[in-house]
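Structural overview
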Amino acid sequence: MELTSLTDLLDLQGIDLQIDRLLDQRQSLPELEEYRAVHEALQAKETEREVAAGELKQVELELDKAEGELELLELKLEEHETRLFAGGMSGRETEHMRLEVQSLKGQRGALEEKVLAFLESVDPARETLSAIESEIRSLEADKDRLETSIKTQWKAIDAELARKEERKKEALEPIDAEMLDLYEKLRGIKEGVAVASYDHGVCGGCHMALSPAEQDEAFADELPRCVHCRRILVA
Ligand SMILES: [Zn+2]
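About the criteria used
- For every chain, the first residue of the written sequence is number 1, and numbering continues from 1 along that sequence.
- Given that the model is predicted, a residue must reach a pLDDT of at least 70 before its local features are reported, and side-chain atom pairs must reach 80 or more before they are shown or counted; all residues, however, enter totals for whole chains, interfaces and linings.
- As a rule here, side-chain values cover all heavy atoms of the structure and leave hydrogens and water aside.
- For Na, K and Ca the donor cut-off is 3.2 Å, while for other metals it is 2.8 Å, and in both cases only N, O and S atoms qualify; water is not among them, so sites may look incomplete.
- Here a site with four donors is tetrahedral if all angles are between 85 and 135 degrees, and a site with four or six donors is square planar or octahedral if opposite donors are over 155 degrees apart and the other angles are between 65 and 115; anything else gets the irregular label.
- Each residue gets one of three labels from its accessible area relative to the maximum for its type: buried under 20%, exposed over 50%, partly exposed in between, using a 1.4 Å probe on protein chains only.
- Every helix listed is a DSSP run of H or I at least four residues long, and every strand listed is a run of E at least two residues long, numbered separately from the N terminus.
- By the convention used here, strands pair only if DSSP detects at least 2 bridges between them.
- We call two residues in contact whenever any of their non-hydrogen atoms come within 4.5 Å of each other.

Next up on the list: the coordination of the zinc ion. Looking at the zinc ion, one finds its protein donor set to be Cys 203 (SG), Cys 206 (SG), Cys 226 (SG) and Cys 229 (SG), positioned 2.2 to 2.3 Å from the metal centre. Coordination at the zinc ion is tetrahedral, judged from the 4 donor atoms that bind it and the angles of 106 to 113° they form at the metal. Counting gaps between the donor residues of the zinc ion yields the pattern C-x2-C-x19-C-x2-C. According to the relative accessible area criterion, Cys 203 is buried, its value standing at 0%.

Of note in the backbone geometry, His 200 takes a positive phi value of approximately 50° without being a glycine. You can see His 200 is positioned in the loop between β1 (195-199) and β2 (202-203). Of note in this structure, Arg 230 is not a glycine but carries a positive phi near 70°. Counting through the fold element by element, Arg 230 comes out in the loop between α5 (212-220) and β3 (232-234). Look at Arg 230 and you get partly exposed, because its relative accessible area is 40%.

Pairing in this open sheet of 3 strands is mixed, and the strands run β2-β1-β3 from one edge to the other. On the outer flanks of this sheet lie β2 and β3, each paired with one strand and no other. Across 2 bridges, β1 lies against β2 in antiparallel orientation. Bridge pairing links Asp 199 to Val 202 in β2.

Now for the environment of Met 208. The topology assignment puts Met 208 in the loop between β2 and α5. On a C-alpha basis, the gap between Met 208 and His 228 in space is 7.4 Å, while along the polypeptide they are 20 residues apart. Ignoring sequence-local partners within four residues, the contact set of Met 208 consists of Gly 201, Val 202, Cys 203 and His 228.

Attention now moves to the pairing of β1. As paired strands, β1 and β3 are joined by 3 bridges and run parallel to one another. Bridge pairing in β3 links Ala 196 to Leu 233. Connecting β1 to the next strand, β2, in antiparallel fashion are 2 residues, including His 200 with a positive phi near 50°.

Such coordinate-based values are descriptive only and should not be taken to indicate function.
Shown next, in the form of structure tokens:
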């Protein structure tokens, strides 16, 4: 194999590492982690909102029901009192009616207390729901802001990646298929670095020194490989 082709391979390696870095940068933006946290918080708040809305609805229904009962009871009471005022009933009927009015008044008092209690719990329930909704709006704003930031950064990274991919296409041209296979295989098992420069007796991949004998052995091969890490060496 020609030495020039090894230099080409080192160029390819340089571009591939730049692409790897960009891909890593794309997936490790701090905003991505923040986004995930905000998304989770938002989901939790939405569940809270559902519960709070359910509780408010329950209190409102109970209040409606109690108010309806109170209204009916007052109508009945009015009817009875009107009849009592109108007179014309037997003494027994009158007594019965009077007792009935008394009982209705007792029931009214209890119902009024019930309505009051529901009224008192409606406001806090509304406030709870409204506080949760305000937190949700704030989280949604955070999410939007992060989304915009991520998209902007991704756009810049993707543009850079496209440029590198173009350069990679050119860099691939002079490299034969067999060499490329080995290169890809080594990249897969050697943390992305298949080709290392060999400088002053040291492998640029594993940073270990080769003795003169090891160097002779490595470079006797048409494809020099580091005796320690097996990466392709380019002197
Ligand atoms: Zn090495």
